[in-house]
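Results of the structural survey
Residue-level listing of the chains:
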Amino acid sequence: QVQLVESGGGSVPAGGSLKLSCTASGYTSRTYDMGWFRQAPGKDREGVAVIDTHGNTYYRDSVKGRFTISKDNAKNTLYLEMNGLRPEDTAMYYCVADPPNPRRYLFLEKYEYNYWGQGTQVTVSS
């Protein structure tokens, strides 16, 4: 019954900004690790950013300093603020969630998450 619904994607010029949102239902975001993955044409899905139940954050190297992940547990909503967007950021962005696991160390691996949203498209033009 866990559902994740993304919004906020769009088309922007290089250097622009977007803020993605993911609203969760069927569980409380406070009790789940949550994050964002993306998939560009012809490429595998890759982890972008994750925030765990303790508030620790994990980012892909290529987005560090440009993207910020956060969540509002009262609203059961996850966010991804994206600044300084580049054409290589173009992809379908997916919201993910999973119960916390004390043995989890590889937070940006797609197999770590059982719940996925349908995605929201981000397109960055050069």
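One can find the structure itself at the top, above this paragraph.
Residues numbered from 1 in each chain as written. Predicted model: local features only at pLDDT ≥ 70, side-chain atom pairs only at ≥ 80, totals over all residues. Heavy atoms only, no water.

1. As for the sheet that holds strand 7 (residues 67-72)
As a reminder, the rule being used: By definition, two strands form a pair when at least two bridges between them are found by DSSP. The way it works is that DSSP assigns letters per residue, a run of H or I at least four long becomes a helix, a run of E at least two long becomes a strand, and they are numbered from the N terminus. To define axes, lines are fitted to C-alpha atoms, for helices over the stretch in contact only, and angles between the resulting N-to-C directions are given on a 0 to 180 degree scale.
Ordered in space as 1-3-8-7, the four strands form an open sheet in which the pairing is antiparallel. Here the strands that pair on one side only, and so sit at the sheet edges, are strand 1 (3-7) and strand 7. Across this sheet, the average inter-strand angle for adjacent strands is 15°, counted without regard to direction. As defined by bridge partners, strand 7 adjoins strand 8 (residues 77-82) across six bridges and the pair is classed as antiparallel.

2. Regarding unusual backbone geometry
Here Asn76, not a glycine, exhibits a phi torsion of approximately 55°, which is positive. Among the secondary structure elements, Asn76 is positioned in the loop between strand 7 and strand 8.

3. Points about the pairing of strand 1
For clarity, the cut-off: Only protein chains enter the area calculation, which uses a 1.4 Å probe; residues under 20% of their type maximum are buried, those over 50% are exposed, and those in between are partly exposed.
Alternating residues of strand 1 divide into Leu4 and Glu6, all buried, and Gln3, Val5 and Ser7, none buried. Of the strand pairs in this sheet, strand 1 and strand 3 (residues 18-25) are connected by five bridges, and their pairing is antiparallel. By the bridge assignment for strand 3, Val5 is matched with Thr23.

4. Side note on the pairing of strand 11 (residues 120-125)
A regular strand places its side chains on the two faces of the sheet in alternate fashion. Covered by surrounding structure in strand 11 are Thr120, Val122 and Val124 only, the residues Gln121, Thr123 and Ser125 on the alternate face being uncovered. Bridge count between strand 2 (residues 10-13) and strand 11: four bridges; the pairing is parallel. Paired with Pro13 across the strands is Ser125, a residue of strand 11. Bridge count for strand 9 (residues 91-98) against strand 11 is three bridges, and the pairing is antiparallel. Across the sheet, Met92 pairs through a bridge with Gln121, a residue of strand 11.

5. Some words on the pattern of salt bridges
How we decide: A carboxyl oxygen of Asp or Glu within 4 Å of a side-chain nitrogen of Lys or Arg is what we treat as a salt bridge.
Enumeration according to the criterion identifies eight salt bridges in this entry. Ionic pairing is found between Asp33 and Arg104, a salt bridge with its closest N-O pair at 2.7 Å. Here the residue Asp33 occupies a position in strand 4 (residues 33-39), and Arg104 occupies one in the loop between strand 9 and strand 10 (115-116), the gap between them amounting to 71 residues. On the basis of relative accessibility, which here comes to 5%, the residue Arg104 falls in the buried class. One salt-bridge network, held together by shared partners, links Arg38, Glu46, Arg60, Arg66 and Asp89.

Such coordinate-based values are descriptive only and should not be taken to indicate function.
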